[in-house]
Amino acid sequence: MNNENTSLWPLGSGNWDASDHSAGFQLVSTALGHAVAGHLPAADLASFLQMRTVPGSHASFPPEFDFSPFDGSPLAPRRAAGAADSWIPPFGSCSVSTARNSEALGLRKAQRTLALSAQGQYHAERDADASLPVPPPGEYQFISSQFGSSGPALLALDPAKGSLFVWLAASASWQAIEGAGGRLLAESHLPRRSWRCELLTAFHGTLLLATDAGLARLVVDLPALQYQVSYSSGTAAVGAPVAFNQRIWLPLQDADGKLRFGQFGSDATAGDMVEIANAPARLSGGSSPVAYGRMAVWLYEQGQLHLQQQADGSFSAQFIAWAPHITPEYDFGSPYQGPSGALWQLCFDHQAGSYLYLELGKLQPQQEAALTPRFCSGHINYRFASKLKKSPWLEPEQGDDGAANEVVIPLLETGKGGVVGVKLRDILALSTMLESSERMRFQLIWDDDDAETVFHTGVVSQPWLLRLFTHDNKLWAYHPQLARIEGWNLAP
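Student: I keep staring at the overall build of the protein chain and nothing clicks. Help me out?
Tutor: Secondary structure summary: the protein chain contains two helices and 39 strands in total. Judged by the C-alpha coordinates and their principal axes, the protein chain covers about 80 × 55 × 40 Å. By residue count, 54% of the 492 residues in the protein chain fall in the buried class. Considering only contacts in the protein chain between residues 6 or more positions apart, those separated by 24 or more positions represent 51%. Only carbon and sulfur atoms are counted for the fraction: they give 49% of the accessible area of the protein chain, which is about 20900 Å². The positive charge centre, built from 33 side chains, and the negative charge centre, built from 47, are 2 Å apart in the protein chain.

Student: Please explain the pattern of salt bridges as it appears in this structure.
Tutor: When the charged atoms of two side chains with opposite charge come close together, those side chains can pair. A full pass over the atoms with the stated rule returns 17 salt bridges. Put simply, D129 and R126 hold a salt bridge, and the shortest N to O gap is 2.9 Å. Taking relative accessible area as the criterion, R126 reaches 24% and is therefore assigned partly exposed. In this structure, the salt-bridge partner of E198 is R196, at a minimum N-O distance of 2.8 Å. One exposure class covers both E198 and R196, and it is buried. Among the charged side chains, a network of salt bridges with common partners joins K387, K389, D447 and D449.

Student: Sorry if this is basic, but what is going on with the pairing of strand 37 (residues 467-471) here?
Tutor: Successive residues of a regular strand alternate their side chains across the two faces of the sheet. With five of five residues buried, strand 37 is to be regarded as a mostly interior element. Judged from the five bridges that link them, strand 37 and strand 38 (residues 474-478) form a sheet pairing that is antiparallel. Pairing of R467 across the sheet is with Y478, part of strand 38. Taking the residues that link successive antiparallel strands as the turn, the strand 37-strand 38 hairpin has two residues, and the phi of D472 there is positive, at about 55°.

Student: What is the right way to look at the sheet that holds strand 15 (residues 226-231) in this model?
Tutor: By way of backbone hydrogen bonds, the strands of a sheet pair with one another, either parallel or antiparallel. Strand order in the open sheet formed by five strands is 11-15-14-13-12, with mixed pairing between adjacent strands. If you trace the sheet from one side to the other, it starts and ends with strand 11 (178-179) and strand 12 (198-200), each paired once. With three bridges joining them, strand 12 and strand 13 (residues 206-211) adopt antiparallel strand pairing. Looking at strand 13, one finds that E198 is bridged to L208.

Student: Help me understand the sheet that holds strand 32 (residues 386-388), please; the structure alone is not making it clear to me.
Tutor: Judged by pairing direction, the sheet is antiparallel, and its three strands sit side by side in the order 30-31-32 without closing on themselves. On the outer flanks of this sheet lie strand 30 (375-376) and strand 32, each paired with one strand and no other. By the bridge criterion, two bridges tie strand 30 to strand 31 (residues 381-383) in an arrangement that is antiparallel. Bridging across to strand 31, F375 finds its partner in Y382.

Definitions and limits used
- Residues numbered from 1 in each chain as written.
- Predicted model: local features only at pLDDT ≥ 70, side-chain atom pairs only at ≥ 80, totals over all residues.
- Heavy atoms only, no water.
- Helix = DSSP H or I, 4+ residues; strand = E, 2+ residues; numbered from the N terminus.
- Buried < 20%, exposed > 50% of the residue type's maximum accessible area, 1.4 Å probe, protein only.
- Contact = heavy atoms within 4.5 Å.
- Areas by Shrake-Rupley, 256 points an atom, 1.4 Å probe, with all protein chains shown as cover.
- Lys, Arg positive; Asp, Glu negative; His and termini not counted.
- Charge placed at Lys NZ, Arg CZ, Asp CG, Glu CD.
- Salt bridge = Lys/Arg side-chain N within 4 Å of Asp/Glu carboxyl O.
- Pairing = 2+ DSSP bridges.

Take a look at the structure:
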């Protein structure tokens, strides 16, 4: 409620000036108390905050109002924002506040079921439904959520440079977001396939990122076009964060080389460190962490960092080295999660000269021999171009390699048996293909239990590096070598 002696209205969306009734309300400062960026176009500010208007009038009002406080006129409706609208890269996992131990985190699986709108109308040569220009040169991850905005806004983050941009829909351009007080987001030198982030949902979404300066807590204030960053540890992060048992965990390395697991609450305050037994002095390579039930695992070329919750609620950690003759194969996607919940990593056995799947998080792991490697998204795997839901070491009863010159690489599980993947034709050996930097023709397919739909065709080198994300009820595909980000309408 406004104070009778002032025209300033403090609301959840910020502090508003109502002195000019003909113009409605003007945002004076953000909810975090920052001045509104002077170079932010008014139309983009209105879009961020989903400001309300009286039909037929240019006067604008805060998003909290349904009626004009001046004369009671009803305001035009705005789209309600919901948690399902958020996208947390790289695979659209759920926020820390909603993460459940009953679901594995870190697999290539979206947090909600996705489906193309009017899927039957798509074909290989159809144009995308929408497109965006790419941000300035870099390699980006895309986040869609509320950041001092009433609806989801789209951020582009380059972890290796610590640079951050926001998409200005009204201006149709990318705008840099600067660090408040000259304090900048630290760079991250984690490999691309090891990188992921976590998000605390609220009106001001808070990103939790692994950086060379430790866990970064990044609060973005879009109306001010700035962010505030703080670091929970002066040690370097050597792995990405993952939500596990209502805490955020990641491996940190001291200047003396000692490895520990850092744990942080939902407000990113640090808890007690957990020592990692038998940890090596240096880790390299690897893949994104996965967590399920009472276990979380970070994978590296040398072995696994394993975090386990004990029966009394405490945590223990250890390093589990791969056997000398075993090499993990990370280029084939996510670990596989079997019906029992166990997680399995594709490896190559140099003694036997063959592939195998090894159970993660075990000192004496089970092993399953495999005739061929499978591209895997977590619950679904592909034998060349055939989608299978059984364990990837099981050969189909009626195997047909007649189409072995085609392969599907799953990029994202969309729920209910659906997968978005890259289909390639006229391939050579899989290992040769993955090492190639030549441009190749690819198709994007939506493969569900009813049909396989080709909805895009393109040419690029290493098309399996396409990054998918959702925003504005569209599925978008980004590749660093392409000049446009293509988008397709999703079903409500």
